[in-house]
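The primary structure of each chain is shown beneath.
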Amino acid sequence: MTPYTPATQDQLLAIRANAGIEELARSERFAAAEPDMVEAIVEGVGQFAAGEWAPLNRVGDLEGARLENGVVRLPDGFAEAYQHYVEQGWNAIASPADFGGQGLPFTLACNVLENLGTANMAFNLLPMLSVGAIEALEHHGSKAQQARYLPRLVSGEWSGTMNLTEPQAGSDVGALRATATPIEDGEHAGKYRIQGQKIYITWGDHELAKNIIHLVLARTPGAPEGTRGISLFVVPKYLVGDDGALGQRNDLRAVSLEHKLGIHASPTCVMSYGDNDECIGELVGAENRGLVAMFTMMNNARINVGNQGVQIGERATQQAAHFAAERIQSARAGSPDKAPVAIIEHPDVRRMLLRMKALTEGARALLYYTAGQVDRGTLGDEAARARGEILTPMIKAWGTDIGIEVASIGVQIHGGMGFIEETGAAQHYRDARIAPIYEGTNGIQAADLVTRKLGLEDGAALIGLFEEIARDAGEEPALFALAGDCAAIARWMRENASLDDRLAGSVPFTTMCAVAVAGWQLLKQLAAVDNGAAPSLARTKPVTVRFFLDRIVAEASGLKASAIGGADLLYALDPELLTG
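A quick note: this is a predicted structure, and the numbers were derived from the prediction, not measured. (Residues numbered from 1 in each chain as written. Predicted model: local features only at pLDDT ≥ 70, side-chain atom pairs only at ≥ 80, totals over all residues. Heavy atoms only, no water.)

**Considerations on the pairing of strand S12 (residues 280-284)**
Here is the key point about a regular strand: its side chains alternate between the two faces of the sheet. Here S12 lies mainly inside the structure; four of its five residues are buried. For strand S5 (residues 192-202) and S12, the ladder comprises two bridges, and the chain directions are antiparallel. Note on S12: the bridge partner recorded for Arg193 is Ile280. In this structure, strand S7 (residues 231-236) lies alongside S12, joined through three bridges in antiparallel fashion. Of the residues in S12, the one forming a bridge with Phe233 is Leu283. (Buried < 20%, exposed > 50% of the residue type's maximum accessible area, 1.4 Å probe, protein only. Helix = DSSP H or I, 4+ residues; strand = E, 2+ residues; numbered from the N terminus. Pairing = 2+ DSSP bridges.)

**Observations concerning the packing of aromatic side chains**
One pass over the full model with this rule turns up 10 aromatic pairs. Residues Phe78 and Phe123 carry aromatic rings whose centres are separated by 4.7 Å and whose planes lie at 45° to one another, so their mutual orientation is tilted. With Phe78 in helix H5 (residues 78-87) and Phe123 in helix H7 (residues 121-140), this residue pair connects regions lying 45 residues apart in the sequence. The class for Phe78 is buried, based on a relative accessible area of 0%. Seen from their ring centres, Phe123 and Trp203 are 6.1 Å apart, and the 25° between their planes marks the pair as stacked. Taken together, the residues Phe123 in helix H7 and Trp203 in the loop between S5 and strand S6 (211-218) connect sequence positions 80 residues apart. Pair check on accessibility: Phe123 and Trp203 agree, each one buried. Ring pairing ties together the aromatic residues Phe48, Trp53, Phe78, Tyr82, Tyr85, Phe123 and Trp203, which thus form one cluster. (Phe/Tyr/Trp six-rings, centres within 6.5 Å; stacked < 30°, edge-to-face > 60°.)

**Structural notes on the nonpolar core**
Burial of nonpolar side chains together is a common tendency in soluble globular proteins. The biggest cluster of nonpolar side chains holds 170 residues, and the ones touching the most others in it are Phe123, Met394, Trp398, Ile413, Phe466, Phe509 and Val517. Considering each element in turn, this core owes the most residues, 14 residues, to helix H9 (residues 290-326). Among the nonpolar cores identified, the runner-up in size contains five residues, and Leu13, Val529, Ala534 and Leu537 belong to it. (Core = buried A, V, L, I, M, F, W, Y, C linked by side-chain atoms within 4.5 Å.)

**Looking at the environment of Leu354**
Inspection of the secondary structure puts Leu354 in helix H10 (residues 347-378). Judged by its relative accessible area of 27%, Leu354 falls in the partly exposed class. With 37 residues separating them in the primary sequence, Leu354 and Thr317 have C-alpha atoms 9.2 Å apart. Among all residues touching Leu354, those that are not within four sequence positions of it are Val543, Thr544 and Phe547. (Contact = heavy atoms within 4.5 Å.)

**Side note on a nonpolar patch on the surface**
A cluster of nonpolar side chains, contributed by Leu573, Leu577 and Leu578, occupies part of the molecular surface with about 330 Å² of accessible area. Relative to the helices and strands, Leu573 is located in the loop between helix H19 (560-563) and helix H20 (575-579). According to the relative accessible area criterion, Leu573 is partly exposed, its value standing at 44%. (Patch = residues over 30% accessible without salt bridge, like charges linked within 9 Å, V, L, I, M, F, W, Y side chains within 5 Å. Areas by Shrake-Rupley, 256 points an atom, 1.4 Å probe, with all protein chains shown as cover. Salt bridge = Lys/Arg side-chain N within 4 Å of Asp/Glu carboxyl O.)

**A short note on the state of the cysteines**
One pass over the full model with this rule turns up zero disulfides. Lacking any disulfide linkage, Cys513 is separated from the closest cysteine sulfur, that of Cys486, by 4.2 Å. Overall, the relative accessible area of 0% leaves Cys513 in the buried class. (Disulfide = S-S within 2.5 Å.)

Right, here's the structure in full:
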């Protein structure tokens, strides 16, 4: 497998041109995000990821996590690499300063995760879930819970998880059956006994952190049916005293590990709570308000999952380019010299490599633009907060779709060797496939965009975004046309389309929207490069942006027919005929 080289310069460009880090640093809250600090973080975490996490990517895939006598084990090297991650403070970048964090913009936390995930996607899921747990407790936990759990979650000494899915429920969270029974007396009076089973719990058990703080959705006695009756509980692997000291092992365990297509080093656990009726949990927030608290964690995670598309795209692109430069095969078509050349000289391989590069850079531009809007929302900019909400399903859905497409092209460039595990190209494809599924499938993201997000500010939030893109499109007719189509489809969905029609066209519409925003943000990158912001990219950036605008934007415009095609044809066949 080709060694990972951090995409430091392109990341810095996106952080400056798309997230607008210099503007964020003018605020009192983010004043520490000065240029020297930003460069030190981006360069430092890139070096750390390449030096310590990337070498574990292949062994993690081959050996994977395993459950031995009730204990989850990772391959040699993982414990040391995670300890070094904690010691160097990477987990604390954007965490609240009151609990030991650095309080820097979310944008920089995204960069930490991008580098770590490009180096080792499966390993990176461990800190990614912890970041979400920190945010959920920061916004919804009591003062006592924050004091008890946040300092060690922020440092990374403890890790966090979220527990939603149950065997019978899947994506229908309202169907969950896990219970939480109030404890009225004894040492745990005021807390709850948790009982039930959760599946697909990422990093649900391991020995790398000293404690695991599970955030678990469950129902209290007499709670309403559906999502209205869900509460959130913090359930530590080891009980924690008021002084922060670890106590006895809680009544929870990993029953088994899933045997997965990819991300083998990430232990995906079936978790059982309360086998002996002694699993102790604490209510987070109010009863029956658990989904609100959990979605704080999930919205963070959805952006970070979109980030995984960038991560896999970058790693697969680097590997494919390295292979194409070394693989000698066939003479260049039309050349009088019949000597075989490196396959990077062949037009179709050039097409594939440029597509990989343009898609990855476009997704990165969208990622950091989204992160920058989230940071502005944190500073009290309500318009930016709304835009961040609109962009979240786009980066999650399109970003992860891009990860799969780019990884697949990478396999294709390797030819037959790409289908052979020894090259490592197949691992990227296998690892990428989960990202469109977890944290809300991409279909759920698209449905969110055409229902709740479409209605923000009575439609003006979404439509206004595309009107702004059209104004900035300048001499880019394809981008101007795509932005106009997105605005027109949004109006049609609001004013004329049925709910079924909106949902039927939601996925192609989401792709159109994401490509339009990514193309717009790539234009901002190109302007920054032209102004001397990134001289190292002066040769490459104009070419990849041109490829994106001329080819990928044009392709996205072709999805309009699917976006407005309606639902009638989808239901033209009865289920018996459709499955027959």
